[in-house]
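Here are the chains, one letter per residue:
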Amino acid sequence: MNEDFLKHINYRGYINQCTNEKGIQSELKKSIVGYIGFDCTADSLHVGSLLPLMLLKNFQKFGHKPIILVGGGTTLVGDPSGKDETRKIINEEKINQNKKKLKKIFEKFVDFNSSKKNCALLVDNFDWLGKLEYISFLRKIGSKFSINKMLSLESIKQRLSREQNLSFLEFNYSILQAYDFLELFEKYNCILQFGGSDQWGNIVSGIDLVKKEKKKEVFGLTTPLITNSSGEKMGKTADGAVWLSEDKLNSFDFWQFWRNTEDKDVIKFLNLFTELKNSEIDHYTNLSGSEINKV
């Protein structure tokens, strides 16, 4: 496909920030490889993760090859982004259990059929992070990172400004995520990383590392934080998270969550979470109240 992918996701509201838009457009004239990472902190994802999953689905639909990176390695460290305190440490056995259940969710959004040229890949960063030798890693990769710059990352800056504990373990997370991008570039010629808006600093760190190590330009694109018209974060209700696994949330309650969407949010959510054509969604913009309910 061509840069129509970028036009499409921009029109639908998927883009928060991207690096070198002209460069990405140029690369999209051919089929490229892009990835999103998911840590294995739970045995399911909630609807807050629907946005990156739908983005990957569109990426593949437009002829590109998606990689889903599960963080078997980074989950052992814990991402400090958006957290006020250190994540609970999860053992490897539980992480492996979570990975198996997450794959069932991924299969609903992207096609892993190996007979297709742009079939999706599922890879685990424990495959390389688990083999790192500490001293050699520090010398080769750690030397490429500036502490000054790392301290300016939003996830780090927020913790420090609030005088909340930030462990040395968590402080390493940004370096490990950057190293993931380098590995995926080397192994699969992956040149585009997607992520939520809170991952911007980590994504840029990965781009900088690939540039320093390989003298190549790679790209990043983040999605916005989705809130409803009341300003509440997507995926949270009074009863807790809206899970994507039926064994954690039954189909009726999942349907009811969307059924209760406020009228003001309907068009935004149709653009982000459905594959309806733009023209059909545009038609719905002229409807309101009971008219929407009849659709």
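These lines cover the structure that appears in this document, whether it is placed above or below. Just so it is clear, the structure is predicted and the values come from calculations on it, not from any experiment. (Residues numbered from 1 in each chain as written. Predicted model: local features only at pLDDT ≥ 70, side-chain atom pairs only at ≥ 80, totals over all residues. Heavy atoms only, no water.)

1. A look at the pairing of strand β3 (residues 65–71)
Part 1 of the reasoning: Most of β3 sits inside the fold, with seven of its seven residues counted as buried.
Part 2 of the reasoning: The alternating pattern of β3 places Lys-65, Ile-67, Leu-69 and Gly-71 on one face and Pro-66, Ile-68 and Val-70 on the opposite face, and all of these are buried.
Part 3 of the reasoning: Here strand β2 (residues 33–39) runs beside β3; their pairing, made up of seven bridges, is parallel. What sits directly across from Val-33, in β3, is Lys-65.
Part 4 of the reasoning: At this point the chain moves from β2, through helix α3 (residues 50–61), to the parallel β3, and the crossover so formed is right-handed.
Part 5 of the reasoning: As paired strands, β3 and strand β4 (residues 121–124) are joined by four bridges and run parallel to one another. (Buried < 20%, exposed > 50% of the residue type's maximum accessible area, 1.4 Å probe, protein only. Helix = DSSP H or I, 4+ residues; strand = E, 2+ residues; numbered from the N terminus. Pairing = 2+ DSSP bridges. Right-handed = clockwise from strand over helix to strand, strands pointing away.)

2. Brief notes about unusual backbone geometry
Part 1 of the reasoning: If you check the backbone angles, Asn-189 has positive phi at about 55° while not being a glycine.
Part 2 of the reasoning: Its location among the elements puts Asn-189 in the loop between α10 (173–188) and β5 (190–196).
Part 3 of the reasoning: Phi at Lys-215 is positive, roughly 55°, even though this residue is not glycine.
Part 4 of the reasoning: You can see Lys-215 is positioned in the loop between α11 (200–214) and β6 (219–223).

3. Digging into empty space enclosed by the protein
Part 1 of the reasoning: This structure, assessed with the given rule, holds two cavities of 30 Å³ or more.
Part 2 of the reasoning: As for the second largest cavity, its lining consists of Pro-80, Leu-153, Ser-155, Ile-156, Glu-170, Tyr-173, Ser-174 and Asn-202.
Part 3 of the reasoning: Among the secondary structure elements, those contributing two or more residues to the lining of the second largest cavity are α8 (154–161) and α10.
Part 4 of the reasoning: Residues belonging to the lining of the second largest cavity are distributed by class as follows: four nonpolar, three polar and one charged. (1 Å grid on protein atoms, 1.4 Å probe; cavity = no way out; pocket = protein on both sides within 12 Å on 5 of 7 lines; lining within 4 Å. Points joined across faces, edges and corners; volume = space filled by probe spheres on them. Nonpolar A, V, L, I, M, F, W, Y, C, P; charged D, E, K, R; others polar.)

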